[in-house]
Amino acid sequence: MGRVDPMYQFSLDAYVDLFNQSMDKSRTSPKNITGTERCRQINVAHTLSVYQYTCRGLFERDKLLFALQLCLRIMTSENKVPKQEFDFLCYGGAGIERADQRPNPCPEWIDAGAWDNITALDSIPACMGIASAFEQGQRDWRAWFTSSEPEETPLPGDWENKVTEMQRICIIRALRLDRVLFCASRFVRLNLGPQFADPPPFDLRAIFQSSNHRTPLIFVLSPGVDPTAQVKSLANDLSTNVDICALGQGQAPVAMSLMNLGLRSGSWVFLANCHLMLSWMPELEKRIAEYCAMTEDMPHAPHCDFRLWLSASPSPKFPIAILQRGIKMTTEPPRGLRANMLKLYNLVGEEQFGRCQQRLKYQRLLFSLCWFHALLHTSSMNRTIVSVMI
């Protein structure tokens with residue numbers, strides 16, 4: 001994933017810690033289970049933990065890519081993904097020799113590039129004969145091609161019963177490139193489970209609880225999003241003091257002083273906009289390495305309540321060591337009604353629910369307000385006009 005974005009950096013140590021946590025969380029059955037069943041439990045729990053942990057630090061546009069990559073890697077290890085089909089999914093019909101290509105029977109709705117893909121797909125043993133199928137069933141294939149959701153529409157003839165889900169996504173990739181993402185989501189949902197097709201909602205409290213005083217918490221910024229209010233709100237809920245320093249010219253001594261104070265007293269330190277002081281980042285990296293190397297019995301060991309919060313826009317110059325050591329979180333507006341609703345409800349705790357004596361009415365009013373807000377936000381992101389009639 002580091003090739004996709006320079007901020008997508010993960011370390012072996014973080015993976016080992018996550019694996020140990022997965023082993024503890026998966027202990028739900030009696031102790032007398034077989035070794036095979038225990039291994040299956042660990043694999044299931046760890047796969048979901050890796051997905052959720054990684055998704056925290058990925059932008060929305062890359063979460064499905066990671067889920068598909070994870071799914072394909074698991075299926076490849078089980079010999080469920082033929083190499084020819086995987087190569088076609090990646091490259092399509094690139095490099096096809098058109099001199100030896102059979103004529104396109106439907107040039108009015110299949111362009112040259114799509115027919116190249118069909119010709120290449122026809123050379124894969126499991127899909128052999130698909131090119132001639134277009135000659136024999138043009139009407140059925142055109143009806144499937146023009147459907148609004150071809151990934152959910154049965155394939156013409158006996159192709160619906162003879163292809164695997166991997167081969168289905170190859171056919172979608174050949175003819176309807178605009179529906180590949182939807183088909184990939186369906187593929188992940190059917191092979192790994194629905195929890196891998198829907199990214200987990202952002203929960204800052206849960207992320208904080210998974211951290212410790214040696215783990216920097218890093219916000220990877222998106223345009224127009226500022227996580228400062230969320231950090232302040234969490235600190236207030238936990239009755240913790242947080243010192244904030246907006247980095248810029250001349251702020252290095254202030255930031256270092258706040259860090260040293262927080263390491264002694266156990267307060268939080270939030271260094272915002274680290275991308276504005278990339279030249280100072282090696283010093284920050286060195287200071288983090290210093291206190292992380294201290295053992296608990298040393299005189300200047302970091303306080304167990306200390307937390308270092310960082311925010312930065314994506315940059316290839318951001319220290320990899322800090323990214324690998326820390327927990328990364330992307331700050332993006334949620335997409336879709338469900339994601340918006342989940343984010344809003346995560347901001348309301350049980351204490352806030354308990355403040356109102358007429359709880360049922362409060363819950364209904366809150367749901368209506370959250371639904372209305374999510375609808376407006378989703379519509380504004382899609383640049384549509386919302387007309388509200390009362």
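Structure: above.
Structural notes, computed from the coordinates.

What counts as what
- Residues numbered from 1 in each chain as written.
- Predicted model: local features only at pLDDT ≥ 70, side-chain atom pairs only at ≥ 80, totals over all residues.
- Heavy atoms only, no water.
- Axes fitted to C-alpha atoms, helices over the stretch in contact; angles between N-to-C directions.
- Helix = DSSP H or I, 4+ residues; strand = E, 2+ residues; numbered from the N terminus.
- Parallel < 35°, antiparallel > 145°, perpendicular 65-115°, else oblique.
- Contact = heavy atoms within 4.5 Å.
- Nonpolar A, V, L, I, M, F, W, Y, C, P; charged D, E, K, R; others polar.
- Buried < 20%, exposed > 50% of the residue type's maximum accessible area, 1.4 Å probe, protein only.
- Salt bridge = Lys/Arg side-chain N within 4 Å of Asp/Glu carboxyl O.
- Phe/Tyr/Trp six-rings, centres within 6.5 Å; stacked < 30°, edge-to-face > 60°.
- Lys NZ or Arg CZ within 6 Å of the ring centre and 35° of its normal.

1. Overview of the packing of helix 9 (residues 165-175) against helix 10 (residues 180-191)
So, point 1. The N-to-C vectors of helix 9 and helix 10 enclose an angle of 175 degrees; their axes lie 9 Å apart at closest approach. One way to sum up the angle between helix 9 and helix 10 is to call them roughly antiparallel. For the pair formed by helix 9 and helix 10, the contact residues are Glu 165, Met 166, Arg 168, Ile 169, Ile 172 and Arg 173 on the first element and Val 180, Cys 183, Ala 184, Arg 186, Phe 187, Leu 190 and Asn 191 on the second.
So, point 2. A class-by-class count of the residues in the contact of helix 9 with helix 10 yields eight nonpolar, one polar and four charged.

2. Looking at helix 9
So, point 1. Helix 9 sits mainly inside the fold: 10 of its 11 residues count as buried.
So, point 2. Among the residues making up helix 9, those that are buried are Met 166, Gln 167, Arg 168, Ile 169, Cys 170, Ile 171, Ile 172, Arg 173, Ala 174 and Leu 175.

3. Structural notes on the pattern of salt bridges
So, point 1. Summed over the entire model, instances satisfying the criterion amount to 16 salt bridges.
So, point 2. The partner of Arg 214 in a salt bridge is Glu 296, and the shortest N-O contact between them spans 2.7 Å. Placement of the pair is Arg 214 in the loop between helix 11 (204-209) and strand 1 (217-220) and Glu 296 in the loop between helix 14 (281-292) and strand 4 (307-312), with a sequence separation of 82 residues.
So, point 3. Judged by its relative accessible area of 18%, Arg 214 is buried.
So, point 4. In the salt-bridge network here, residues are joined through shared partners; they are Glu 152, Glu 160, Glu 165, Arg 168, Arg 186 and Arg 189.

4. Some thoughts on the packing of aromatic side chains
So, point 1. Evaluated as defined, the whole model comprises 15 aromatic pairs.
So, point 2. Ring geometry for Trp 268 against Trp 309: centres 5.4 Å apart, planes inclined by 45 degrees, an arrangement best described as tilted. One end of the pair, Trp 268, is in strand 3 (residues 268-272); the other, Trp 309, is in strand 4, with 41 residues separating them in the sequence.
So, point 3. Assessed through its relative accessible area of 1%, Trp 268 is described here as buried.
So, point 4. Take Trp 309: its relative accessible area is 0%, and that puts it in the buried class.
So, point 5. Joined through ring pairs, the aromatic side chains of Trp 109, Trp 115, Phe 134, Trp 141, Trp 144 and Phe 145 make up one cluster.
So, point 6. Cation over ring: Lys 162 sits above Trp 159, and NZ or CZ is 4.1 Å from the ring centre.
So, point 7. The ring of Phe 145 carries Arg 176 above its face, with NZ or CZ at 5.9 Å from the centroid.

No statement about biological role is implied by the geometric values presented.
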